[in-house]
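# An overview of the molecular structure
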Amino acid sequence: MQDRIYNFSPGPSVLPEPVLKRAQTELLNYHGSGMSVMEMSHRSAIFEEIFSDAKAKMKEALQVPDSHEILFLQGGATLQFAAIPMNLMEGAAADYAVTGSFSEKAAKEAEKYGTVHIACSTKESGHDHIPPQEALQLSEDAKYFYYCANNTIYGTEWQYIPETKASLVCDMSSDILTKPVPVEKYGLIYAGAQKNMAPAGLTVVIVDKRLAGREQKFTPQIMSYETMIRTNSMLNTPPCWCIYMLGLVCDWLESQGGLAGMEKVNVAKANMLYQALDESKLFTVSAEPGSRSFMNVTFRTGNEDLDAKFVKESADWGFTNLKGHRSVGGMRASIYNAVPVEGVEKLCEFIRDFDKKN
Ligand SMILES: Cc1ncc(COP(=O)(O)O)c(C=O)c1O
């Protein structure tokens, strides 16, 4: 790893080293074009190939059915908090599962465009678990059911796909491409790229084409799924560099055995880390068993000074970004696809060492 650090950042996050190296090799002169991907017209034949290649690889990796379109957009996941109700709520109602701060923000935004039914909220227990299917309150008039698959801040993850009559809409910002997903079950999946896909600046939306064309009149063109499907995400300049990087990440994923292969590694990494924490006398995992995230492992000692000491000493072990989100404190290790197994092994060693000495 030479001078590279083990980076447990929740996002933007570590990218696979072979991807960075390939981007470096191709940086100045992409495939004999004499220019960088950053310098190309998005309408040029050479970029069009990069674009369609990344889209095809994404389709292949996630087994996206022909009924669904993959869009490469901007504005982050946050813009989708508004785009989703503008396009899919039809001024009526939708069900929202509030299991963390991003789904809470999405529900708040959606209130501007129709009636939001809270299907469940875990706020009172500090978002420490995911409610079971029986606890979801589903309404008859909901145009869609919204949830966030992995709660980046709280370290919880849905370990089942909700059964609903209304279309499923899911924020997969922090777990897309980390395991196979039955895309056909969803009306819409979306994710900011900056955790498992590419640098920040790209938002991927996978939408069932049958849901397009229902947007409110006031919906800006740039936020209309119908328009973006029609223009193949090229109504305006797309985030070209990020799309190129996504293609490289998809190639790397394939070399890891695709999403099934990646899932095995991710499960092994998370289990290893949870085991080290559960066996310690000092640390408590914040999320309840059965709801624990495979991507963001949140934990604490119960003593703020000790937490701060852990974070400080982690730098000496070659780690960075282990501090918990400012709203919850404690620690968080984000162990996305590109975090190497050795990094998690070393983190477990540090946890055991710290536990013994404190
Ligand atoms: C699950 C989830 N949803 C939404 C967001 C917001 O993403 P963005 O900053 O791209 O708008 C984040 C950011 O970390 C996230 O983790």
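One can find the structure itself at the top, above this paragraph.
Attention in this report is confined to the structure presented alongside it. (Residues numbered from 1 in each chain as written. Predicted model: local features only at pLDDT ≥ 70, side-chain atom pairs only at ≥ 80, totals over all residues. Heavy atoms only, no water.)

What surrounds the ligand is the set Gly76, Ala77, Thr78, Phe102, Cys148, Asn150, Thr152, Asp171, Ser173, Ser174, Gln194 and Lys195. A distance of 2.6 Å separates a nitrogen atom of the ligand from a polar atom in the side chain of Asp171. Here an oxygen atom of the ligand and a side-chain polar atom of Gln194 are 2.9 Å apart. The fraction of the free accessible surface of the ligand (390 Å²) that becomes covered by protein chains is 83%. Residue composition of the shell around the ligand, grouped by class: three nonpolar, seven polar and two charged. (Near = heavy atom within 4 Å. Polar contact = N/O pair within 3.5 Å; in protein donor to acceptor, adjacent residues only side chain to side chain. Areas by Shrake-Rupley, 256 points an atom, 1.4 Å probe, with all protein chains shown as cover. Nonpolar A, V, L, I, M, F, W, Y, C, P; charged D, E, K, R; others polar.)

Attention now moves to the nonpolar core. Formed by 54 residues in total, the largest nonpolar core has its most connected members in Leu62, Met197 and Leu246. With 11 residues, helix α6 (residues 240-255) is the largest single contributor of residues to this core. Those residues within four positions of Leu62 in sequence are excluded, and the remaining contacts are Ile176, Leu177, Val181, Val183, Ile206 and Leu259. (Core = buried A, V, L, I, M, F, W, Y, C linked by side-chain atoms within 4.5 Å. Buried < 20%, exposed > 50% of the residue type's maximum accessible area, 1.4 Å probe, protein only. Helix = DSSP H or I, 4+ residues; strand = E, 2+ residues; numbered from the N terminus. Contact = heavy atoms within 4.5 Å.)

This part covers the pairing of strand β9 (residues 188-192). Within β9, five of the five residues are buried, which leaves the element mostly enclosed by the surrounding structure. Neither face of β9 is open: one carries Leu188, Tyr190 and Gly192, the other Ile189 and Ala191, and all of them are buried. As paired strands, strand β8 (residues 167-171) and β9 are joined by three bridges and run parallel to one another. Paired with Cys170 across the strands is Ile189, a residue of β9. Here five bridges tie β9 to strand β10 (residues 203-208), and the two strands are oriented antiparallel to one another. In the sheet register, Ile189 faces β10, and the bridge partner there is Ile206. (Pairing = 2+ DSSP bridges.)

Geometry of an aromatic ring pair is reported as the spacing of the ring centres plus the angle between the planes. All told, the structure shown has 22 aromatic pairs when counted by the stated rule. On the numbers, 4.6 Å between centres and 25 degrees between planes, the contact of Phe310 with Phe350 is stacked. Of the two residues, Phe310 is situated in helix α8 (residues 304-314) and Phe350 in helix α9 (residues 341-357); the sequence distance between them amounts to 40 residues. Of the two residues examined, Phe310 and Phe350, each falls in the buried class. The structure contains a cluster of three or more aromatic residues connected by ring pairs, namely Tyr6, Phe8, Phe283, Phe299, Phe310, Trp317, Phe319, Phe350 and Phe354. (Phe/Tyr/Trp six-rings, centres within 6.5 Å; stacked < 30°, edge-to-face > 60°.)

Another point: the sheet that holds β8. Taken in spatial order, the seven strands line up as β2-β10-β9-β8-β5-β3-β4 in an open sheet, and their pairing is mixed. Where the open sheet ends on each side, the last strands, each with one partner, are β2 (68-73) and β4 (115-121). Going from strand to strand, the sheet's axes swing by 15 degrees on average, the running direction of each strand aside. (Axes fitted to C-alpha atoms, helices over the stretch in contact; angles between N-to-C directions.)

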